[in-house]
Structures are given as structure tokens and as C-alpha cells.
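Each chain is listed here by its residues.
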Amino acid sequence: MRLDELLDELQVRIDEVRGTRDRVHSLLEAVVSVGRELDLAQVLRRIVEAAALLVDAEYGALGVIGPDGRTLSQFLTVGLTDEEITEIGPLPAGHGLLGEVIHHPEPLRLTDLGAHSSSHGFPSHHPPMRTFLGVPIRVREEVFGNLYLTDKRGGIDFDTEDETVISTLSVAAGVAIDNARLYEGSQR
């Protein structure tokens, strides 16, 4: 019986190592994918798509902080259809929980986003969302925007590994955004 227990434990550990290896490989693929694009709009789209895929989030968004430094000037989403976006109405401006990550540019991970003191609820027609992971994207030490991810598939919470993966992606995203901006500037 003891040998069977040891073999089961060994198999679990092998699966964990394999899972970590696969996740690192996926992160590297995402970094390369994001970094190869030079069109800023495409870079932003690839970043949010890669982020949602890496942590298995049902919904993802990238909010670009406007010139005032307090609100969002652009908001790209993944996981919502065009019809759902239209039904929800105007895109977020960066108030409530989204503003929390703008005003305090540090990773924020929540098991119930509605329970956070900054949460103001959702507009009508908005799908329900429970778990949350928000991470800032910096370009040359300045916060460019934030990645927002909600509802990890399977109903489980985002964990520290998810936060680490998205924080790592956000560093690569900052470099890719800077490169795209420089390229656009050189084309003008």
C-alpha cells in the first residue's frame, strides 16, 4: 500500500512540473507573439488575448490610461461579442474597481470583485463576473494602462502563479508597446 501512495505522489509531482513547464512555454510564446507586431492597435489586441489565454480567464480587457492619468481613453475586450458590448453601453471610463488599479498601480487579485469597497456593480446587460486580476502595464516607468482579467474558467480563483504570469507578460507588453510607438513615430 505504501508503494502505491508513493507512486501516486510521484505522479502528482510529475504532473505539476509538466504543468509549470507548459505554462512557461506558453508565456514565452505569448511574449514572442506580442513582441513581433509593430502596429500599436494589433499589439494591444494581442496582449489582452494572450493574457486571457495564459490564465484561462473567460473575460479580459486592456484599459489604456488617458492623458489626464485618471481615466481610460481606450478599452479593448476579449470574451464579449460585439452585440454584448453594444448592449452594455458606453465603455468603462476607469471608475470603480478599474480605477482602483489606475490609482494604485499594483497587481490586484480578488476572489469576489463585488465585495471590494471600490466596486460599483455592473451596468445592465453586463455578464456577471466574480474573480478578478488586475495588473498595470508600464512603458519606461510610466503606467500606460492595465490588464483586467475576470472569471477563471472552472470557477476557481486566480492564484499567485497567475499573478506572476500576467505581471511577467505586462513587462513584455510594455516593451512591445514602446517599440510600436517608436515605429509609428518613425513612419511619420
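Residues numbered from 1 in each chain as written. Predicted model: local features only at pLDDT ≥ 70, side-chain atom pairs only at ≥ 80, totals over all residues. Heavy atoms only, no water.

Q: How would you summarise the sheet that holds strand S1 (residues 57-65) if you had to cite specific residues and measurements?
A: With antiparallel pairing, the five strands of this open sheet are ordered in space as S2-S1-S5-S4-S3. Bordering the open sheet on either side are strand S2 (72-78) and strand S3 (108-110), each of which pairs with just one other strand. Neighbour-to-neighbour, the strand axes of this sheet turn through a mean angle of 15°, independent of strand direction. The pairing of S3 with strand S4 (residues 132-139) spans three bridges and is classified as antiparallel. Following the sheet pairing, Leu 108 is matched in S4 by Gly 134. In the packing of helix H4 (residues 96-103) onto the sheet, the strands contacted are S1, S2, S3, S4 and strand S5 (142-152), and the crossing angle to S4 comes to about 40°. Those strands touched by helix H5 (residues 160-187) are S3, S4 and S5, and its axis lies near 30° from that of S4. (Pairing = 2+ DSSP bridges. Helix = DSSP H or I, 4+ residues; strand = E, 2+ residues; numbered from the N terminus. Axes fitted to C-alpha atoms, helices over the stretch in contact; angles between N-to-C directions. Contact = heavy atoms within 4.5 Å.)

Q: Would you mind going over the side chain of Asp 162 in detail, with residue names and values included?
A: Here Asp 162 is to be found in helix H5. A relative accessible area of 0% means that Asp 162 is categorised as buried. A polar atom in the side chain of Asp 162 sits 2.7 Å from the side chain of Lys 152. (Buried < 20%, exposed > 50% of the residue type's maximum accessible area, 1.4 Å probe, protein only. Polar contact = N/O pair within 3.5 Å; in protein donor to acceptor, adjacent residues only side chain to side chain.)

Q: Give a description of H5 that names residues and reports values.
A: An ideal rise of 1.5 Å per residue puts 40 Å on 28 residues; H5 measures up with 40 Å between its terminal C-alpha atoms. Its side-chain oxygen 3.1 Å from the backbone nitrogen of Glu 161, Asp 159 forms the N-cap of H5. (Expected span 1.5 Å × (residues − 1).)

Q: Describe in detail the environment of Thr 168, supporting the description with residues and values.
A: For Thr 168, the position within the fold is in helix H5. Through-space distance from the C-alpha of Thr 168 to that of Ile 137 is 9.9 Å; in sequence the pair is 31 residues apart.

Q: I'd love a proper account of the confidence of the model for the chain, names of residues and values included.
A: Should the pLDDT be low somewhere, the predicted coordinates at that spot are not to be read in detail. In this model, the chain carries an average pLDDT of 85, and 81% of its residues clear a pLDDT of 70 or more. When mean pLDDT is taken per element in the chain, S3 scores highest with 96 and helix H1 (residues 2-36) scores lowest with 62. (pLDDT = per-residue confidence, 0-100.)

Q: Lay out unusual backbone geometry in plain terms, naming residues and giving numbers.
A: Positive phi values are uncommon outside glycine, yet Asp 56 reaches one of about 60°. Looking at where Asp 56 falls in the secondary structure, it is placed in the loop between helix H2 (40-55) and S1. Overall, Asp 56 belongs to the partly exposed group, its relative accessible area being 38%. Even without being glycine, Arg 140 reaches a positive phi, approximately 50°. Residue position: Arg 140 is located in the loop between S4 and S5. A relative accessible area of 62% places Arg 140 in the exposed class.

Q: Mind laying out the pairing of S2, listing which residues take part and the relevant values?
A: Sheet faces and side chains relate simply in a regular strand, where the side chains alternate between the two faces. Where burial is concerned, most of S2 is hidden: five out of the seven residues are buried. Between the antiparallel neighbours S1 and S2 lie six residues, among them Gly 69 with a positive phi of about 75°.

Q: Can you tell me about the packing of H2 against H5, naming the residues and giving the values?
A: Packing of H2 against H5 brings their axes to within 9 Å, and their N-to-C directions diverge by 170°. As far as their axial angle goes, H5 and H2 are roughly antiparallel. Judged by residue contacts, Leu 40, Val 43, Leu 44, Ile 47, Ala 50, Ala 51, Leu 54 and Val 55 of H2 engage Asp 162, Val 165, Ile 166, Leu 169, Ala 173, Ala 176, Ile 177, Ala 180, Arg 181 and Glu 184 from H5. Broken down by class, the residue content of the contact of H2 with H5 amounts to 15 nonpolar, no polar and three charged. (Parallel < 35°, antiparallel > 145°, perpendicular 65-115°, else oblique. Nonpolar A, V, L, I, M, F, W, Y, C, P; charged D, E, K, R; others polar.)

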